[in-house]
Amino acid sequence: MAYLDNAATTRVCDEAARAAVEMMQSCYGNPSSLHRLGAASARRLAEAREAVAQLLGCQPECVYFTSGGSESNNLAILGAAQAKKRRADEIVTTTAEHSSVSMAVKHLEDQGWKVTRIHPGRDGNLDPYAVADAVNERTALVTMMVVNNETGALFPVEEAAALIRQKNPDTLIHWDGVQAFGKLPLKAARMEVDLLSVSGHKIQGPKGSGALYVRRGVRVAPVVYGGGQERGLRSGTEALPALVAMGAAAARLQGRLPALWQRTAGLRDSLRQRLEQLPQVQLNSPENASPYILNFSVPGYRSENMLHFLESRGVFVSSGSACSKGATSPVLTSMGLPAALVDSALRVSFIYDTQPEELDQLMDALKEGIATVAHR
């Protein structure tokens, strides 16, 4: 099997799997309980928070655990809006965001917030000046991703943030870092970012685990109320097996990101070169994209048809964001790509242990598919 859909989810690593089982069967106390089982669980949760904070480049007290990237994005956007609504009522975002961002922003727009959406270029890259130009004295929040989940484009978040601070120092800045976490060496505490969302299952942790970085001094209103867990920002008994496992996945990546990036870049570059030799294929990812994601189209062959053919040959890829469930890609559409490219797009995504043989299997199956799948 060649599993090349790691931007959708990853296989849980051994360290994370062992941690999850331990927390379910041995160290299963409620971390809010006062007895020693609760204290043991609280210590493990604190260790997981420390591991995630180290990978984020921040202090542990700035990390708030959630159920995943989507909840983190919603908490950041809706919580920031609630906290700022009396002083500002405008939001700036892009047209290439994950649905957990775009739908949260649309919800606020339906409530009367003014939203400005910036389009990426045809190559998938984003102009930081276009983002900053949309900011004014009424802008409460700018929300944008660090790495695009469909093309791998690296959005210029740091450059945009510096420009935004010049325009309006009071504007909150949120980054969706789900596809950057565990790949890029993030230093949240040193960056001009107020809120940063991450997910555990993109770094070989389990599904149902995530976190939100909140810069010291930044106020975000909770969107879930209850027992006051996560220092009052995210109530609900912490999902210890998932969160401790996320911490284990984060811990195993400490100090390894540059080497893993370089290794993955070699695999991505090799695949790019091989795809460029096929006259039927057009690449959609910019050359300076994250090496963990490569998007390409085979015009004339519908994505779903080719995807299922590749699956029949043991190769697993995506036709876009897993959350879109086969819908037309808003990211590629927002780039201004023609329908023939959008309708035939495929996303290949790597993880730390992706093997060259998997790319060989992909290329063999893709060539066979081009020769045998019904041309539209």
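Quick caveat, the model's predicted, so the values are computed rather than measured.

S.K.: For this particular structure, what's the right way to read the pairing of strand β4 (residues 114–118)?
M.R.: If a strand is regular, its side chains alternate between the two faces of the sheet. Pairing between strand β3 (residues 90–94) and β4: five bridges, direction parallel. Bridge pairing in β4 places Thr94 opposite Ile118.

S.K.: Looking at this model, I keep getting lost on the nonpolar core. Mind explaining?
M.R.: In globular proteins that are soluble, nonpolar side chains generally tend to be buried together. Counting residues in hydrophobic clusters, the biggest one holds 99 residues, and the most contacted among them are Leu56, Trp175 and Leu366. Leu366 has contacts with Leu275, Leu278, Val281, Phe296, Val298, Met306 and Leu310, leaving out every residue within four places of it along the chain. The next biggest cluster of nonpolar side chains, apart from the first, holds 23 residues, and it includes Ala88, Val101, Leu141 and Leu195.

S.K.: Hey, could you run me through the pairing of strand β12 (residues 345–349) in this one?
M.R.: Buried residues dominate β12, accounting for five of its five residues. Both faces of β12 are covered, namely the face carrying Ala345, Arg347 and Ser349 and the face carrying Leu346 and Val348. Here five bridges tie strand β10 (residues 293–297) to β12, and the two strands are oriented antiparallel to one another. Of the residues in β12, the one forming a bridge with Ile293 is Ser349.

S.K.: So what exactly am I meant to see when it comes to a positive patch on the surface here?
M.R.: A surface patch of positive charge is lined by Lys85, Arg86, Arg87 and Arg219. Of note, Arg87 is situated in the loop between α3 (69–84) and β3. Classification of Arg87 as exposed rests on a relative accessible area of 57%.

S.K.: It is not clear to me how helix α1 (residues 14–25) should be interpreted in this structure. Could you clarify?
M.R.: Helical periodicity: at 3.6 residues per turn, an α-helix aligns residues three or four positions apart in one direction. Given a rise of 1.5 Å per residue, twelve residues ought to cover 16 Å, and the 17 Å separating the end C-alpha atoms of α1 matches this to within 8%. Residues of α1 that are buried include every one of Ala16, Ala19, Ala20 and Met23, and no others. The buried residues of α1 occupy one face: seen down the axis, they fall within an arc of 100 degrees. Exposed positions of α1 whose direction lies more than 90 degrees from the buried face are Arg18 and Gln25.

S.K.: Explanation requested: unusual backbone geometry in the structure shown.
M.R.: If a residue is not glycine, its phi is most likely negative; likewise, a peptide bond is most likely trans. In this model, Gln204 sits at a positive phi of 70 degrees, which is unusual for a non-glycine residue. Of note in this structure, Arg231 is not a glycine but carries a positive phi near 55 degrees. The class of Arg231 is partly exposed, set by a relative accessible area of 43%.

Scoring rules and cut-offs
- Residues numbered from 1 in each chain as written.
- Predicted model: local features only at pLDDT ≥ 70, side-chain atom pairs only at ≥ 80, totals over all residues.
- Heavy atoms only, no water.
- Pairing = 2+ DSSP bridges.
- Helix = DSSP H or I, 4+ residues; strand = E, 2+ residues; numbered from the N terminus.
- Core = buried A, V, L, I, M, F, W, Y, C linked by side-chain atoms within 4.5 Å.
- Buried < 20%, exposed > 50% of the residue type's maximum accessible area, 1.4 Å probe, protein only.
- Contact = heavy atoms within 4.5 Å.
- Patch = residues over 30% accessible without salt bridge, like charges linked within 9 Å, V, L, I, M, F, W, Y side chains within 5 Å.
- Areas by Shrake-Rupley, 256 points an atom, 1.4 Å probe, with all protein chains shown as cover.
- Salt bridge = Lys/Arg side-chain N within 4 Å of Asp/Glu carboxyl O.
- Lys, Arg positive; Asp, Glu negative; His and termini not counted.
- Charge placed at Lys NZ, Arg CZ, Asp CG, Glu CD.
- Expected span 1.5 Å × (residues − 1).
- Arc of directions from axis to C-beta.

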